[in-house]
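# Analysis of the macromolecular model
Chain by chain, the residues:
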Amino acid sequence: PELEFALNAGIHLNIDNYQELERVDALVSKMNANLKGTIGVRINPLVGAGKIAALSVSTGKSKFGIPCPAEGDERNKLITEILKRDWITGLHVHTGSGGYGLKQLCHGVRVA
């Protein structure tokens, strides 16, 4: 119900995992492209932990975002899934707030 409400109310939605992508895909199909909200994908660029371990969420163990390594099959799968859906119009790069340096944050953007 929350996803459908967001799409009908014009609220931006960031998809956080493949299960949510499937749910949103079904809703978008049901809505016949009458979306009022915008949809993006939250990716985890896997840039590693920062100085504050408890707030570091850009590791392979994070529950936030779809993992997107710099290369390989997992990255190619994500790109393919995004390109199949013209209604995905944004990317959210999620690294957390764990005391990252500028170099690490820039690497996350390059991965995206």
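The shown structure was predicted, so the numbers you read here are calculated from the model rather than taken from an experiment. (Residues numbered from 1 in each chain as written. Predicted model: local features only at pLDDT ≥ 70, side-chain atom pairs only at ≥ 80, totals over all residues. Heavy atoms only, no water.)

Within the protein chain one finds four helices and four strands. Across the 112 residues that make up the protein chain, the buried fraction comes to 38%. In the protein chain, once contacts between residues fewer than 6 apart in sequence are set aside, the share between residues at least 24 apart is 66%. Surface summary for the protein chain: the accessible area is close to 6800 Å², and the carbon and sulfur share equals 56%. (Helix = DSSP H or I, 4+ residues; strand = E, 2+ residues; numbered from the N terminus. Buried < 20%, exposed > 50% of the residue type's maximum accessible area, 1.4 Å probe, protein only. Contact = heavy atoms within 4.5 Å. Areas by Shrake-Rupley, 256 points an atom, 1.4 Å probe, with all protein chains shown as cover.)

Residue placement: arginine 85 occurs in the loop between helix H3 (73–83) and strand E4 (88–93). Among the residues examined, arginine 85 registers a relative accessible area of 10% and is labelled buried. Within the local environment of arginine 85, its side chain forms a polar contact with the side chain of aspartate 25, the two groups lying 3.1 Å apart. Residues in contact with arginine 85, not counting those within four places in the same chain, are Leu21 and Asp25. (Polar contact = N/O pair within 3.5 Å; in protein donor to acceptor, adjacent residues only side chain to side chain.)

Within the secondary structure, valine 93 is located in strand E4. Given a relative accessible area of 28%, valine 93 falls into the partly exposed group.

Quick look at the pattern of salt bridges now. Enumeration according to the criterion identifies five salt bridges in this entry. The partner of lysine 84 in a salt bridge is glutamate 81, with the nearest N and O atoms 3.2 Å apart. Accessibility expressed as a relative area gives 17% for glutamate 81, which makes it buried. Between arginine 85 and glutamate 81 there is a salt bridge, with the nearest N and O atoms lying 2.8 Å from each other. Each member of the pair, arginine 85 as well as glutamate 81, is classed as buried. The network of salt bridges with common partners includes Asp25, Glu81, Lys84 and Arg85. (Salt bridge = Lys/Arg side-chain N within 4 Å of Asp/Glu carboxyl O.)

In this section: helix H2 (residues 18–31). In a regular helix each residue adds 1.5 Å, so 14 residues correspond to 20 Å; H2 covers 20 Å between its end C-alpha atoms and thus fits that length. Here H2 has its buried residues at Tyr18, Glu20, Leu21, Val24, Leu27, Val28 and Met31. In this fold, the buried residues of H2 make contact with helix H1 (2–9), strand E1 (13–15), strand E2 (39–44), strand E3 (66–67), H3 and E4. At the N-terminal boundary of H2, the capping side chain belongs to asparagine 17, with an oxygen 3.1 Å from the backbone nitrogen of glutamine 19. Asparagine 32, located one to two residues past H2, shows a positive phi value of around 50 degrees. (Expected span 1.5 Å × (residues − 1).)

These figures capture arrangement, not role.
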